[in-house]
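A structural walkthrough
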Amino acid sequence: MTREKLRRATLPPVQENINKLEKAINEGNFYGAQQMYKSISARYVSAERYSEALDLLESGACLQLKHGQVTCGAELAVLFVDALVKGKIPYGEDILDRVRKIYNEFPKVPLPSDMADDDDDDRELNEAHGAAKTRLEGCSSFLRAAIKWSAEFGASRNGDPQLHVMLAEYIYSESTELNMAKVSHHFVKGNNPKKLASTLVNFMSKCYPGEDDLAIARPVLMYLSVGNLRDANYLMDELKRLVESQELDFPDSDLIQFITFLLLTLERDALPLFNMLRVNYKSSIDREPAFNELLDEIAEKFYGVQRRNPLQGMFGDLFKMM
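Residues numbered from 1 in each chain as written. Predicted model: local features only at pLDDT ≥ 70, side-chain atom pairs only at ≥ 80, totals over all residues. Heavy atoms only, no water.

As annotated in an unreviewed UniProt entry, the protein chain is Guided Entry of Tail-anchored proteins 4 from Hibiscus trionum. Among the UniProt annotations of the protein chain, the heading Sequence similarities (unreviewed entry) holds the following wording: "Belongs to the GET4 family." (UniProt positions renumbered as here; feature names shortened; annotations may be inferred.)

What follows is the structure, encoded as structure tokens:
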């Protein structure tokens, strides 16, 4: 018997290890179980018994997360994806369901909203922020790895859209310093503008004055920069519907006017009007530096305008001086 066959033969059925380690977890031996999950799953992977390695790692990740052991659970979740890559497991709904199952075990804990009044409150708030950062880093590492695997093994070039939506939701839920640009980026790469709209309305209810129109304009321009006029329009319509149903005020600013006119303009072959809008609303567009880059991409997508290479412009100016 070859060494490889011997190694395969000496490994027990995975369910035996799953049961043994589940018992250790339930008894509170989280660290000891974690080391066993890692070493035993590595043996299954080494023996190319990927299905069993995946079963063990999925079970371990879910159990650790259920018991609030986020760091341990996230580590096993990342190893689950690593086993998918090593086994060259093709992308499919069955694996996506398993990724979603692990994701759903990551805790979502509302952050304290009140300002600290004394040292105990201050300490509690710092601990809550630290725990949220750990949750976000762990879940983000897992989902980014899963997105990369899905892109490499059969999903779209950007990775599975549902995974992007999961990541957007978790960033929004757990961030102590919310980055709506990052949230919007993953929602736009996803497939759920309806959920994006509800997230934006939630954000509008608690953001600082002047942030609401930026939060709306950003994903609309992101959708348009990849040529997705349909979802850009849907997002605006759904936002207005939600705001009206909740008896809220929809932002009324020059930037929102620009977005409204832009959506109408892109329905037609109207490059001169597009350029005129950029000039007339320049001060509003300049509120966020990334908007001009997105508009350059929109001009290329809808009107075939080639973006100017900054180096070409620089060398052109030099030649004029010679």
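Broken down by element type, the protein chain carries 17 helices and zero strands. When contacts within the protein chain are restricted to residue pairs at least 6 apart in sequence, long-range pairs at least 24 apart make up 66% of them. (Helix = DSSP H or I, 4+ residues; strand = E, 2+ residues; numbered from the N terminus. Contact = heavy atoms within 4.5 Å.)

Once that is clear, we can look at the packing of helix α8 (residues 161-174) against helix α9 (residues 180-189). Relative to each other, α8 and α9 sit at 160°, their axes nearing to 7 Å. Considered as vectors, α8 and α9 are oriented roughly antiparallel to each other. The way α8 lies across α9 gives a crossing that is left-handed. For the pair α8 and α9, the contacting residues are P161, H164, V165, L167, A168, E169, I171 and Y172 in the first and M180, K182, V183, H186, F187 and K189 in the second. Across the contact of α8 with α9, the residue classes tally to nine nonpolar, two polar and three charged. (Axes fitted to C-alpha atoms, helices over the stretch in contact; angles between N-to-C directions. Parallel < 35°, antiparallel > 145°, perpendicular 65-115°, else oblique. Left-handed = near helix turned anticlockwise from the far one by under 90°. Nonpolar A, V, L, I, M, F, W, Y, C, P; charged D, E, K, R; others polar.)

A few words on the environment of N275. Position of N275 relative to the elements: it lies in helix α14 (residues 271-280). Classification of N275 as partly exposed rests on a relative accessible area of 39%. Between the C-alpha atoms of N275 and L295, which are 20 residues apart in sequence, the distance is 9.9 Å. (Buried < 20%, exposed > 50% of the residue type's maximum accessible area, 1.4 Å probe, protein only.)

Further remarks concern helix α2 (residues 14-26). In this model, α2 (13 residues) spans 18 Å end to end at C-alpha, consistent with the 18 Å of a helix rising 1.5 Å per residue. Residues V14, N17, I18, L21, A24 and I25 constitute the buried set of α2. Projected onto a plane normal to the axis of α2, the buried residues spread over an arc of 130° and lie on a single side. Those residues of α2 that are buried lie in contact with α3 (30-46) and α4 (50-66). (Expected span 1.5 Å × (residues − 1). Arc of directions from axis to C-beta.)

Our next topic: the pattern of salt bridges. All chains considered together, the criterion is met by 17 salt bridges. We note a salt bridge from E174 to R135, for which the minimum N-O separation is 2.6 Å. Of this pair, E174 sits in helix α8 while R135 sits in helix α7 (residues 119-152); the two residues are 39 residues apart in sequence, bridging distant segments of the chain. Residues E174 and R135 agree in their burial class; the two are buried. R287 is the salt-bridge partner of D213, the closest N and O atoms lying 2.7 Å from each other. Of the two residues, D213 sits in helix α11 (residues 212-225) while R287 sits in the loop between α15 (282-285) and α16 (290-303), which places them 74 residues apart along the sequence. One network of salt bridges, with partners in common, ties together D55, E58, R98 and K101. (Salt bridge = Lys/Arg side-chain N within 4 Å of Asp/Glu carboxyl O.)

One finds I102, F106, F142, L143, L224 and F258 to be the most contacted residues of the largest nonpolar core, which totals 98 residues. Other than its neighbours up to four places away in sequence, F142 contacts A77, V78, V81, V99, I102, Y103 and F106. (Core = buried A, V, L, I, M, F, W, Y, C linked by side-chain atoms within 4.5 Å.)

Moving on: the environment of P107. As for its placement among the helices and strands, P107 is situated in the loop between α6 (93-105) and α7. Given a relative accessible area of 21%, P107 falls into the partly exposed group. For the pair P107 and G68, spaced 39 residues apart in sequence, the C-alpha to C-alpha distance is 7.5 Å. Apart from residues lying up to four places away in sequence, P107 is in contact with V70, R135, Y170 and E174.

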